[in-house]
Amino acid sequence: MSKSWPRTPLAEEIIASQADVITLQEVSDHNRKFMAPLFEAYPFSVICPFRPHQEVGVLTSLPVVDNTNFCLDGAGMAGVQVRIPEGQVVWVVSIHLEWPFPFGQFAQASLIEDKLQSMEGPILIGGDFNMVTWGGSVVRLAKAAGNEPLGPYRNTYLSGRPYLPLAIDNVLVPKGVTGHVERRPRLASDHMGLLARIKLP
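Residues numbered from 1 in each chain as written. Predicted model: local features only at pLDDT ≥ 70, side-chain atom pairs only at ≥ 80, totals over all residues. Heavy atoms only, no water.

Asks: I'm lost on helix H5 (residues 136-145) in this one. Help?
Replies: Note that an α-helix has 3.6 residues per turn; residues three or four places apart therefore point the same way. Burial analysis of H5 places seven of its 10 residues in the buried class, which makes it a mostly covered element. Restricting attention to buried positions, one finds in H5 the residues Ser-137, Val-138, Arg-140, Leu-141, Ala-142, Ala-144 and Ala-145. Summarising the contacts, the buried residues of H5 are in contact with strand E6 (89-96), helix H4 (105-118), strand E7 (123-128), strand E8 (147-149) and strand E9 (169-174). Following H5 by one or two positions, Gly-146 has its phi on the positive side, about 70°. (Buried < 20%, exposed > 50% of the residue type's maximum accessible area, 1.4 Å probe, protein only. Helix = DSSP H or I, 4+ residues; strand = E, 2+ residues; numbered from the N terminus. Contact = heavy atoms within 4.5 Å.)

Asks: Sorry, what's going on with the nonpolar core here?
Replies: One recurring pattern in soluble globular proteins: nonpolar side chains tend to sit buried together. Ile-95, Leu-116 and Ile-125 are the most contacted members of the largest nonpolar core, which totals 22 residues. Sorting elements by how many residues they give to this core places H5 first, with five residues. Residues contacting Ile-125, with those up to four places away along its chain left out, are Val-93, Ile-95, Leu-116, Ala-145, Asn-147, Asn-170, Val-171 and Leu-172. Formed by 19 residues, the second largest nonpolar core is a distinct cluster that contains Phe-44, Cys-48, Leu-62 and Val-82. (Core = buried A, V, L, I, M, F, W, Y, C linked by side-chain atoms within 4.5 Å.)

Asks: Honestly, unusual backbone geometry in this entry has me stumped. Any pointers?
Replies: Trans peptide bonds make up the majority, and among non-glycine residues the majority have a negative phi. Omega for the bond connecting Phe-101 with Pro-102 falls within 30 degrees of zero, at 15°, which places this linkage in the cis form. Along the polypeptide, Pro-102 turns up in the loop between E6 and H4. Positive phi, close to 60°, is recorded for Asn-67, a residue that is not glycine. With respect to the helices and strands, the residue Asn-67 is situated in the loop between strand E3 (54-60) and strand E4 (70-72). Here Asn-67 falls in the exposed class, since its relative accessible area comes to 77%.

Asks: So what exactly am I meant to see when it comes to the packing of aromatic side chains here?
Replies: When we look at a pair of aromatic rings, we describe it by the centre distance and by the angle of the planes. As enumerated under the stated definition, the model contains one aromatic pair in all. Between the aromatic rings of Phe-70 and Trp-91, the centroid separation amounts to 5.9 Å while the plane-to-plane angle is 70°, which identifies the pairing as edge-to-face. One end of the pair, Phe-70, is in strand E4; the other, Trp-91, is in strand E6, with 21 residues separating them in the sequence. You can call Trp-91 buried: its relative accessible area is 12%. Its guanidinium or amino end placed over the ring of Phe-70, Lys-115 lies 4.4 Å from that ring's centre, counting from NZ or CZ. It is Arg-140 that lies over the ring of Phe-106; its NZ or CZ is 4.7 Å from the centre. (Phe/Tyr/Trp six-rings, centres within 6.5 Å; stacked < 30°, edge-to-face > 60°. Lys NZ or Arg CZ within 6 Å of the ring centre and 35° of its normal.)

Asks: When you look at the sheet that holds E7 in this model, what are you seeing that I'm missing?
Replies: Strand pairing in a sheet relies on backbone hydrogen bonds. The paired strands run either parallel or antiparallel. Taken in spatial order, the six strands of this open sheet run E4-E5-E6-E7-E9-E8, and their pairing is mixed. The sheet terminates laterally at E4 and E8, the two strands that pair on one side only. The average undirected angle you get between the axes of adjacent strands in this sheet is 20°. On top of the sheet, H5 reaches E6, E7, E8 and E9; it is set at about 140° to E8, its chief contact. (Pairing = 2+ DSSP bridges. Axes fitted to C-alpha atoms, helices over the stretch in contact; angles between N-to-C directions.)

Okay, structure coming up:
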């Protein structure tokens, strides 16, 4: 999100989606200012520090379970438990991984893996994994959460091509969950947004 210009149309696009939960990566003071309508539209948010000017966050319009919001220090992970309309309680998590070797993705994913294994109940994950869906870090985190990727392998990153899809933005859902994912416009970002519609069993 940090390279998305202009930001006001991006905020309008997300609000118009009527999504119950938003997961954000690369949140900065600058784009929070220019995307103020988005933050005003959602009554709850948890924003966690990560890299300088690249925080991760979860926004939601759903009822939040008290005292469940958390940040995993230095690991690019934010989460909270919410109650969906059917009455179930689920975790919603935003993740932003570093690039793989020689960068710090492996160690970071290990921290997140441990956290996911300690969480009880279904977990919905959306994020920028900087790794293709079938890559080791994504597979490890999906397994730790009891999840699987939702939707087909499709390019979400500007550098990807039809025959070399860089599906580095992913939605991971509990096994047995049904639904679909659609790509949203770039709106000057180097990533395409993803909009998931899901139904828990």
